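# Residue-level structure breakdown
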Amino acid sequence: MSANTDADTTDAGTDAGSDVSAAGADVVDYAASLPPYRLPADAYDAWNGSRARIDEKRVPGFDEDVVTMGIEAASRLDRDGDWHAAIETLALASTSWPQPGTAASGPLVTALGLPTDVRAIECGTSWRAGLEALELAVDGPPALAVIADHPTADPADDVEHLLGAGAVAVRTGRSDEPVARRLDSRHYTSAHVPGRFVDPDGGRVVDLSIGQYDTDAYAEAVGGVVEPLLEANGYEPSDVAHAVLPQEDVKIAWRAGSRLGFDAEQMRAGFVVNRAGFAGAAASPLGMAAAFDAASPGDLVVVASYGHGHGATAVLFEVGEGVERTGAGVSDQLDGGHELSYTDYLKQQGAI
Amino acid sequence: MSRPVAIVGAGQSDYGDFPALTMKDLFAEAYDELVASIDRGYDPADVDAAYVGNLGTGGAQLGLASALCTDYVGLDGIPVERVENACASGGYALVNAVEAVSSGERDVALAAGVEKMRDLSGDRSKYWLGVSGDTEYERLAGMTFAGVYAIMAQRYLAETDADHDHLSMVAVKNHANGAANPHAQFQREIDLETATGAPAVADPLNLYDACPTTDGAACALVVPAEEAAAYTDDPVHVTGYGAASDALALHDRETITSVPAARLAAERAYERAGIGPDDVDVAEVHDCFTIAEVLAYEDLGFAERGRGWELIAEGVTARDGARPVNTSGGLKSKGHPLGATGIGQVVELFEQLRGTAGGRQVEATTGLSHNVGGSGGAATVFVYEVGS
Amino acid sequence: MGAHISHPIYQQSMAQRLALEAAVCTDCGDVTFPPRDSCPSCGASDWEPTTLSGEGEVYSYTVITPGGAPPEFAEQAKRTGEFAVAVVELEEGVRITAQLTNVDPPDVEVGMPVSSTIRRLYVEEGVVRYGFKFEPSEGD
């Protein structure tokens with residue numbers, strides 16, 4: 001099992017894109033799993049209306065957590081070929097581990113039939129963790145990235161209206177007909193007083209709501225990766241078919257997208273927060289899955305994630321022929337599910 | 001059997017809800033009733049073995065419950081054993097007593113059972129009720145004891161022409177019988193509407209499909225038939241018995257619309273006794289849930305597979321029917337103190353066959369008891385006859 | 001405390017709980033789940049592991065009311081109400097008992113096609129226990 005070190009990026013700004021692609025880090029399959037329960041925005045009429053600016057969100061059942069959701073997503077990958085036994089790296093990401101202090105990769109390895117000598121890496125302190133795991137999988141194929149998250153907050157807090165859950169699985173390997181090939185990535189990390197964080201006591205998201213400060217932070221970090229990513233590879237925003245931006249705030253995300261030069265058409269497919277809610281570390285990966293579902297071979301897809309404290313990562317994909325033979329069915333899943341009443345939701349979450 | 005055996009005395013405590021009574025108190029009450037039932041009296045010093053059925057509900061005395069009880073009533077120094085096969089503990093206590101005497105090893109054996117269930121908090125009670133199924137896969141699926149029988153009922157209702165009303169009729173019949181039993185936990189009749197309309201417990205079974213939890217004890221005295229005259233002119237002969245077992249989990253069984261262990265035990269009992277189902281005049285069967293009684297009719301050969309429900313529909317098993325079943329009120333109305341139930345059945349048949357059943361009396365010379373553990377992991381069937 | 005499966009014993013069943021690993025008898029080919037030392041059909045004690053597909057149908061079921069749930073599931077029942085438990089007949093011919101999930105209990109029927117899914121069963125002494133449940137199959 002070798003980490004792919006030879007063709008990696010050196011400094012941001014040098015034309016390292018083509019070297020990375022030559023390393024052949026392909027997405028060969030991907031899948032998503034949305035939890036079964038739908039909570040419509042009008043559920044929040046109990047709080048004088050939803051502050052989230054979304055139509056609905058998806059929430060897990062009492063017997064689900066990020067481990068079960070992750071297994072579910074990975075189980076939806078195409079089972080053809082004996083690939084499970086050949087996985088060399090398992091990269092997980094979440095910010096809501098069900099049993100802190102233990103290896104969530106344990107149950108995943110056994111449930112998915114992965115080899116016990118797999119290199120298992122678990123990422124997750126910020127909502128950028130999803131792309132951190134994805135990078136690991138893309139860097140070191142054959143690999144499996146499983147990103148599952150379920151951020152929660154106090155029911156009395158506005159931020160809670162937005163929080164949902166979901167899981168994405170991405171299998172990487174070398175292929176002549178990949179789903180997508182990573183062309184390049186850019187990263188940005190710098191100390192920054194966070195406007196949102198998770199309270200260690202209850203595991204709940206706290207939103208300090210610092211207004212313009214939050215917007216500026218997002219723009220600085222996300223802009224600081226998306227713009228150089230495109231420039232360094234000789235692309236204009238208009239060349240991008242699908243742009244998936246971090247969606248933890250609907251207004252901020254749309255504004256930032258627009259300032260970066262993306263229009264509604266480009267952002268539409270990946271904007272899953274509107275019907276799934278914000279799934280933390282799995283949010284941008286879910287948007288990416290939805291974008292791949294809508295994409296055609298040759299399309300460029302940009303996926304970005306933001307982590308408070310803070311940092312951002314943006315990945316540039318070129319979609320391949322493989323996208324025609326597989327899909328995550330995000331749209332179908334969004335159309336499914338069972339509607340939950342707000343009281344049942346609160347009971348299920350243990351809030352009442 | 002190498003030498004025939006007979007039952008010369010049988011007695012039980014009241015069955016019901018007795019917060020102030022301990023296992024020892026209940027046992028003593030049953031034992032006193034036993035002694036009173038022996039026509040010519042007896043010398044306790046003659047008892048040379050005791051087998052006490054007890055699950056140990058509540059955990060008050062998991063070890064040596066047998067000696068705790070027998071010592072309490074003055075049966076000093078004898079070999080004793082707690083027999084545990086869940087709700088078939090009593091039946092198996094009788095198997096032990098019958099085989100001990102029949103083999104010649106023992107001359108006077110006490111078969112008894114006792115259970116204390118009503119002193120537990122709700123949560124503890126649920127724990128103890130779930131111990132006789134397959135713990136790993138049935139219990140950890142969220143299954144309750146009622147759930148297991150409900151799954152059997154669901155399949156039975158899907159496979160046959162029976163509907164839930166037929167199950168409720170069993171409860172109505174047994175309550176009518178229990179109303180005439182001074183020992184019964186519930187001594188009141190119920191109507192079909194009450195039985196069918198009761199709150200759900202585990203679909204398709206409702207509260208009135210389920211037997212209660214009960215405090216109670218029962219004892220019976222087994223001696224060689226040739227020695228019976230020393231005790232009574234009217235012994236009840238045990239002419240046949242069978243005991244069997246099966247997989248605990250429903251998913252491991254050949255079928256779930258029959259209890260194979262009960263069926264096997266019945267075959268063995270009929271063969272030993274040299275009789276068939278049609279020869280049985282009165283029976284005490286294990287109606288822990290109403291469906292269990294319907295399945296019992298089929299497993300005992302009173303009806304063909306899939307047609308047991310017709311017997312209850314047509315009143316065949318009512319007290320005034322052709323083959324009365326559970327004249328005592330059954331587990332549903334008389335009660336179900338787990339370890340005692342199998343022996344309690346003996347008490348009823350002892351009275352029925354000797355003509356001392358008072359308001360519950362039916363005409364009978366051949367009786368049968370059917371006792372099942374859990375959902376059918378173990379079972380016993382006994383055939384009793386008088387006048388032979 | 002009544003019926004209780006300890007942590008070491010639960011660990012022994014992990015391959016069954018998470019991966020539906022069954023045993024196929026090398027003599028007669030019958031599948032047993034969970035695996036046993038000797039084949040219940042032919043008595044031979046030589047077997048190979050095999051992974052079940054998880055596809056099957058409801059052989060029978062019940063709906064457990066919240067008040068009656070075993071203590072391990074009391075919290076679940078309190079929060080989410082009644083739940084269905086089924087004996088599922090898997091396509092390999094074996095049956096197993098498991099909870100049903102992602103389904104409204106009144107919608108459950110004998111014969112309903114179901115597929116396995118891994119879920120949280122319950123928490124024992126602070127440790128999450130994962131295992132299989134069944135949910136209605138998608139399509140076909």
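Residues numbered from 1 in each chain as written. Chains lettered and ligands numbered in written order. Predicted model: local features only at pLDDT ≥ 70, side-chain atom pairs only at ≥ 80, totals over all residues.

### Points about the overall build of chain C
- Per the secondary structure count, chain C includes three helices and eight strands.
- Mapped in sequence order, the helices and strands of chain C form the string α-α-β-β-β-β-α-β-β-β-β.
- Expected size for 140 residues packed as a compact globule is a radius of gyration near 14 Å; at 16 Å, chain C falls within 12% of this value.
- Expressed along its principal axes, the backbone C-alpha trace of chain C runs to roughly 45 × 40 × 20 Å.
- Counting every position in chain C, which comprises 140 residues, the buried fraction comes to 42%. (Helix = DSSP H or I, 4+ residues; strand = E, 2+ residues; numbered from the N terminus. Rg over C-alpha atoms; globule rule 2.2 N^0.38 Å. Buried ≥ 20, exposed ≤ 12 C-beta atoms within 10 Å, placed from the backbone.)

### Brief notes about unusual backbone geometry
- Pro142(A) follows Pro141(A) through a cis peptide bond whose omega is -5°.
- Structurally, Pro142(A) can be placed in the loop between helix 4 (129-139) and strand 6 (143-149).
- That bond from Phe33(C) to Pro34(C) is cis: its omega, -5°, falls within 30 degrees of zero.
- With respect to the secondary-structure elements, Pro34(C) resides in the loop between strand 2 (31-32) and strand 3 (47-51).
- Phi is positive for Leu64(B), close to 60°, though the residue is something other than glycine.
- Looking at the secondary structure, you find Leu64(B) in the loop between strand 2 (49-53) and helix 2 (65-72).
- Located in the positive-phi region is Glu125(C), a residue other than glycine, with phi close to 50°.
- Tracing the chain through its elements places Glu125(C) in the loop between strand 7 (113-124) and strand 8 (127-136).
- Under the C-beta neighbour-count criterion, Glu125(C) is labelled exposed, with 8 such atoms within 10 Å.

### Some remarks on the domain arrangement of chain A
All names here are of chain A.
- Each assigned domain of chain A is listed here: domain 1 (23-179) and domain 2 (182-322).
- The C-alpha-based centres of domain 1 and domain 2 are spaced at 17 Å.
- Listing elements by their share of the side of domain 1 that touches domain 2, those giving two or more residues are strand 1 (26-33), strand 3 (56-59), helix 4, strand 6 and strand 7 (166-173).
- The biggest single contributor to the side of domain 1 that touches domain 2 is helix 4, with seven residues.
- Taken together, the residues of the side of domain 1 that touches domain 2 sort by class into 25 nonpolar, 10 polar and 13 charged. (Domains from an automatic or database assignment. Nonpolar A, V, L, I, M, F, W, Y, C, P; charged D, E, K, R; others polar.)

### Side note on the interface of chain A and chain C
- In this assembly, 19 residues from chain A lie in contact with 16 residues from chain C.
- Among the secondary structure elements, those contributing two or more residues to the side of chain A that touches chain C are helix 2 (66-75), helix 3 (105-112) and helix 11 (342-349) of chain A.
- Here the element with the most residues in the side of chain A that touches chain C is helix 2 of chain A; it accounts for four residues.
- Taken together, the residues of the side of chain A that touches chain C sort by class into seven nonpolar, seven polar and five charged. (Contact = placed C-beta atoms within 7 Å.)

### What about helix 4 of chain A?
- Taken across its 11 residues, helix 4 of chain A has 10 buried, putting it largely inside the fold.
- Listed in full, the buried residues belonging to helix 4 of chain A are Ala129(A), Gly130(A), Leu131(A), Glu132(A), Ala133(A), Leu134(A), Leu136(A), Ala137(A), Val138(A) and Asp139(A).

### Let's talk about the packing of helix 5 (residues 212-232) of chain A against helix 6 (residues 250-259) of chain A
All names here are of chain A.
- Direction vectors running N to C along helix 5 and helix 6 enclose 45°, while the axes themselves pass 10 Å from each other. Taken together, helix 5 and helix 6 sit at an angle that is classed as oblique. The two elements helix 5 and helix 6 cross, and the hand of that crossing is right-handed. Along the contact surface, helix 5 presents Asp 214, Thr 215, Tyr 218, Ala 219 and Val 222, while helix 6 presents Ile 252, Ala 256 and Arg 259.
- Class assignment for the residues of the contact of helix 5 with helix 6 results in five nonpolar, one polar and two charged. (Axes fitted to C-alpha atoms, helices over the stretch in contact; angles between N-to-C directions. Parallel < 35°, antiparallel > 145°, perpendicular 65-115°, else oblique. Left-handed = near helix turned anticlockwise from the far one by under 90°.)

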